[in-house]
Amino acid sequence: MEKAVSCGGVVIFRGKILLLYKNCRNRYEGWVLPKGTVEAGETHEQTALREVREETGVKAKIIEYVGKSEYSFNIPRNVVEKEVHWYLMSAENYFSRPQREEFFVHSGYYRYIEAIHLLKFPNEKMILKKAYQKYLELNKKDMRK
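Structural notes, computed from the coordinates.

What counts, and at which threshold
All residue numbers refer to positions counted from 1 along the written sequence of the respective chain. Per-residue local features of the predicted model are confined to residues with pLDDT of at least 70, and side-chain atom pairs are confined, for both listing and counting, to 80 or more; whole-chain, interface and lining totals are unaffected and use all residues. Side-chain metrics rest on all non-hydrogen atoms present in the structure, leaving aside hydrogens and water. Pairing between two strands is assigned when DSSP locates at least 2 bridges connecting them. Every helix listed is a DSSP run of H or I at least four residues long, and every strand listed is a run of E at least two residues long, numbered separately from the N terminus. Residues belong to a common nonpolar core when they are buried Ala, Val, Leu, Ile, Met, Phe, Trp, Tyr or Cys residues joined through side-chain atoms within 4.5 Å. Buried residues are those whose accessible area, probed at 1.4 Å on protein chains only, stays under 20% of the maximum for their type, while exposed residues exceed 50% and partly exposed ones sit between those limits. Should any heavy atoms of two residues lie within 4.5 Å, those residues are considered in contact. By convention, a stacked pair of Phe, Tyr or Trp rings (six-membered ring in the case of Trp) has centres within 6.5 Å and planes under 30 degrees apart, an edge-to-face pair has planes over 60 apart, and any other such pair is tilted. When a carboxyl oxygen of Asp or Glu is within 4 Å of a side-chain nitrogen of Lys or Arg, the pair counts as a salt bridge.

Summarising the sheet, strand S5 (residues 61-75) and strand S6 (residues 78-90) pair through 13 bridges and their orientation is antiparallel. Each bridged residue has a counterpart across the sheet, and for Ser-72 the counterpart in S6 is Glu-81. Where S5 folds back onto S6 in an antiparallel hairpin, the turn is made up of 2 residues, including Arg-77, whose phi is positive at roughly 65 degrees.

What follows is the structure, given as structure tokens:
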């Protein structure tokens, strides 16, 4: 069994969530949150910010840690146990550009109700729910100031 660690972001601008659409030679297709593998010497925060930038072109800021999701998948002759650390992030505008080299064909910001239905994986839906709740709580606190 192999272990792998990735980090990613739930990026929000004006209440809308950044999603990517991946189409990998028609074998893998679906909407996902930006994330990727930790490189040697990187912190989880650095990985999350780098992956969001690489996959979407968005320069985001971390607001706070959301949590971890875990899953496993099969590769030839092995099983990979993966954990993904997620961060709530903010962006400065609606600009995004999908990373074609990673088979992302579309990126954009969607209302919560759209994003939760578009996401392909249940673990990413769970992270989005948690992150969006934090986002709403933080905005409520800001409005009271």
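Val-10, Ile-12, Ile-17, Leu-19, Leu-33 and Leu-128 are the most contacted members of the largest nonpolar core, which has 19 residues in total. When contributions to this core are tallied by element, the ones reaching two or more residues are strand S1 (2-13), strand S2 (16-24), S6, helix H2 (112-118) and helix H3 (122-144). The dominant element in this core, judged by the number of residues it contributes, is H3, at 5 residues. Ignoring any residue separated from it by four or fewer positions in sequence, one finds Ile-17 in contact with Val-10, Val-11, Ile-12, Leu-33, Gly-108, Tyr-109, Tyr-110, Arg-111, Tyr-112, Ala-115, Leu-128 and Tyr-132.

Across all of its chains, the model carries 8 aromatic pairs by this definition. Here the aromatic cluster, defined as three or more aromatic residues joined through ring pairs, consists of Phe-13, Tyr-94 and Tyr-109.

With that settled, consider the pattern of salt bridges. Following the criterion strictly, the structure yields 9 salt bridges and no others. Residue Lys-35 is joined to Glu-124 by a salt bridge in which the shortest nitrogen-to-oxygen separation is 3.3 Å. With Lys-35 in strand S4 (residues 35-37) and Glu-124 in helix H3, the pair connects residues that are 89 residues apart, well separated along the chain. Taking relative accessible area as the criterion, Glu-124 reaches 2% and is therefore assigned buried. Here Glu-39 makes a salt bridge to Arg-50, at a shortest N to O gap of 3.6 Å. With Glu-39 in the loop between S4 and helix H1 (44-56) and Arg-50 in helix H1, this residue pair connects regions lying 11 residues apart in the sequence. Looking at Arg-50, the relative accessible area reads 17%, which means it is buried. Overlapping salt bridges bring together Glu-39, Glu-42, Arg-50, Glu-51 and Glu-54 as one network.

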